[in-house]
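For reference, the chains in residue letters:
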Amino acid sequence: EKSDITIEGDVAAQQGIRFNIFQLNQTYTGKDERLNIGPKGFTGEKYGGSTYWDTEAYCLPFYLATSDQEVSRNLVLYRHKHLASAIENAEKLGFTDGAALYPMVTMNGEECHNEWEITFEEIHRNGAIAYAIFDYINYHGDEEYLIDYGLEVLIGISRFWAQRVHWSINKGQYVMHGVTGPNEYENNVNNNWYTSKMALWTLQYTLDGLKKYEGTDKLNPLLSKVNFKGADETEKWQHILDNMYLGYDEERGVFLQQDGFLDKDVMPVDDIPAGQRPINQNWSWDRILRSCFIKQADTLQGVYLFEDEFDIETIERNFDFYEPMTVHESSLSPCVHAILACKLGRGEKAYEMYLRTARLDLDDYNNDTEEGCHTTSMAGTWMAFAKGFAGMRVKSGQLHFSPYLPEKWDSYGFHINFRNCNLTITATKEAVTIKNESAGDLSVFVYGEEKALAGSNEVSVAIQ
C-alpha cells in the first residue's frame, strides 16, 4: 500500500523491484533511532551488520518517500546521537576544536574499519551525512530539525573540512590531499573532485543555516554549547569557499576525478580482455590501482547530487567520459548512472543500469551474492526508478516529475507520501497521472509546469 511499484510488460523488471522493496521493508522499520541499516541487511555476515555511508546516500530517499516521517527522521537522528564519538574519532587523528569525522563503519559511533586507506582517507562519508540533513528537511519541510539537531552536526563536519584542507602556495588555492573517493579502485589521491565538492557544499549549507537563525533565541545556546568562535570560523570557511581548487580539464570540458587521472592509460571497459571481469576477482590490486577503471560513480556521484548547478551539456560530457570507464563492481554504482542516463534521454543505457541494480542479487551480476544480498543498493534500485524513470525531484520543497517510460514497459505505477499527502503516480505510453489519495491540497510540477492537485483529485499530462 505504501511502497509497491508495479511494472506491466516486463516480468524481470517487476520481479527485481519487488524483491528489493521486500528486503528493504523487512530490514528496517525505523522505530528505534539507535538502529540503522547494514549493507547486507540480515542476509549475510559480510560487513557484520555495521552502518556505512550507504544509509545516507542511498537508503534515505526510499524511506523519505515510502514511510512515515518518523522513520527518516530517526535515520538522520542516528548520526546526531553519535556526534560525540565522531568528534572523538577526529581527535584521535589530530583534529581539534570540535571537528567531527564520522566513521566509515560503525555500530555505536566508534570507527570499526581496519584499513587505513578507507578509515583515514574515504572521508567523503562526512559529506553524505551532511547532505542527508538537507535531504530530510527539503523533503518533509521539518525546518526546526536544522536548529534543534542538524546545525550541531554540520558545524562539527564543517570544522573537520576546514582543518582537512590546506593552502597550496604553488596553486594559490586550498587543496585536499591524501583522500579516497567513492571509487575505491583509487586511493591516497589528491584533490578528489567529489570529496572536495562535498566539503564546499557542506561549508556553504552550514553558513546558510547559521545566517538563517542569526539573532534567534535558539542559536545562541547552540553556539555556546559547541564553543563557536564566530567570525574566526565563518570567515575561514568563506575563504575556503572562495579559493578552493577543483580539478577541471578544459580540453574535454570535464571535472577531473583527481589529480593525475589523465596521466593514466585511459580506455573503455570494453577493452578489458574477455574473462577478466570482475577485475577485483581477476587482477592484482597493483594492476587495478594503476588502471583507469572506476569501481563506482565518483565524479558522476557529485554531478547527480548537484545536477542543478550544471547545464545539460556539462552533465553529458562528464557522463560520456566516465561511464565507459566504470566497471560497476560496487553495487552502489548502476543506480546513479541510471538516473543520469534518464536525465540525458539515454533510454537504453538507463534500462541496462536499472536491470543491473534491480536484479543484482537475483542474477548474481557481480558473482558475490553468496555473501548476502546487497541491501543498501536495493534502495538505490528504488532511486533509479523514482528519480530516473519517474524523474522525481524535490526542489525548494516542491515536488517535480519528468516521467519516462522504457520501451519494454507498457506502464508503471508507484506510491509516495509527500507533505502528508499520499500520492499514486502512474505512467502509460500516453499519459502520466498523479492522484492525490489524501484530503489535503498540493501542487506538483510535471515536466516543469505547475499543476494544482486538490485533495482526492488527480491530474493527467501527456507523456513526453
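What you see is a predicted model, and the numbers here were worked out from it, not measured in a lab.

Criteria and thresholds
- Residues numbered from 1 in each chain as written.
- Predicted model: local features only at pLDDT ≥ 70, side-chain atom pairs only at ≥ 80, totals over all residues.
- Heavy atoms only, no water.
- Helix = DSSP H or I, 4+ residues; strand = E, 2+ residues; numbered from the N terminus.
- Rg over C-alpha atoms; globule rule 2.2 N^0.38 Å.
- Contact = heavy atoms within 4.5 Å.
- Areas by Shrake-Rupley, 256 points an atom, 1.4 Å probe, with all protein chains shown as cover.
- Lys, Arg positive; Asp, Glu negative; His and termini not counted.
- Charge placed at Lys NZ, Arg CZ, Asp CG, Glu CD.
- Core = buried A, V, L, I, M, F, W, Y, C linked by side-chain atoms within 4.5 Å.
- Buried < 20%, exposed > 50% of the residue type's maximum accessible area, 1.4 Å probe, protein only.
- Pairing = 2+ DSSP bridges.
- Axes fitted to C-alpha atoms, helices over the stretch in contact; angles between N-to-C directions.
- Parallel < 35°, antiparallel > 145°, perpendicular 65-115°, else oblique.
- Nonpolar A, V, L, I, M, F, W, Y, C, P; charged D, E, K, R; others polar.
- 1 Å grid on protein atoms, 1.4 Å probe; cavity = no way out; pocket = protein on both sides within 12 Å on 5 of 7 lines; lining within 4 Å.
- Points joined across faces, edges and corners; volume = space filled by probe spheres on them.

A. Here's a closer look at the overall build of the protein. A tally of helices and strands in the protein yields 16 helices and 13 strands. The globule rule puts the C-alpha radius of gyration for 464 residues at 23 Å, and the 22 Å found for the protein is close to it. Its C-alpha atoms give the protein principal-axis dimensions of roughly 60 × 60 × 45 Å. Once local pairs closer than 6 in sequence are excluded, the contacts in the protein between residues at least 24 apart make up 64%. Total accessible area on the protein is roughly 18,900 Å²; 46% of this is exposed by carbon and sulfur atoms. Each charge class in the protein can be summarised by its mean position, and for the 41 positive and 70 negative side chains these summaries are 1 Å apart.

B. Structural context of the nonpolar core. Within the largest apolar cluster, 153 residues are counted, with the highest numbers of intra-cluster contacts made by Y354, F385, M392, W409, Y412, F414 and I416. Of all the elements, helix α7 (residues 144-164) adds the most residues to this core, at eleven residues. Contacts of W409, omitting those with residues within four sequence positions, involve I7, E8, D10, A13, Y351, Y354, F385, F389 and K429.

C. Region of interest: the sheet that holds strand β8 (residues 411-418). Taking strand neighbours across the sheet as the criterion, the five strands line up as β1-β8-β9-β10-β13 in an open arrangement whose pairing is antiparallel. Edge positions in the sheet fall to β1 (5-8) and β13 (458-462), since each of these pairs with one other strand and no more. Adjacent strand axes in the sheet meet at a mean angle of 15°, parallel and antiparallel pairs treated alike. The pairing of β1 with β8 spans four bridges and is classified as antiparallel. Note on β8: the bridge partner recorded for I7 is Y412. Each of β1 and β8 is contacted by helix α16 (residues 375-389), which is oriented at about 95° to β8, the strand it contacts most.

D. Examining the packing of helix α14 (residues 334-343) against α16 more closely. Put simply, α14 and α16 touch, their axes get as near as 8 Å, and they point 5° apart. By the angle between their directions, the pair α14 and α16 is classed as roughly parallel. Contacts from C335, A338, I339 and C342 of α14 reach α16 at G380, T381, M383, A384, K387, G388 and F389. Here the residues of the contact of α14 with α16 sort into seven nonpolar, three polar and one charged.

E. View of empty space enclosed by the protein. Scanning all chains against the criterion turns up two cavities of 30 Å³ or more. One number sums up the size of the largest cavity: a volume of about 80 Å³. What lines the largest cavity is simply T55, E56, L60, L75, V76, R79, H80, I129, A132, I133, Y145 and V153. For the lining of the largest cavity, the secondary-structure elements that each account for two or more residues are α2 (54-66), α3 (69-81), α6 (125-140) and α7. With four residues, the single largest contributor to the lining of the largest cavity is α3. Along the lines of polarity and charge, the residues of the lining of the largest cavity split into eight nonpolar, two polar and two charged. As a volume, the second largest cavity reaches approximately 30 Å³. Every residue along the wall of the second largest cavity is listed here: Q257, I294, Q296, A297, D298, T299, L300, Y322, T326 and H337. When its residues are assigned to classes, the lining of the second largest cavity shows four nonpolar, five polar and one charged.

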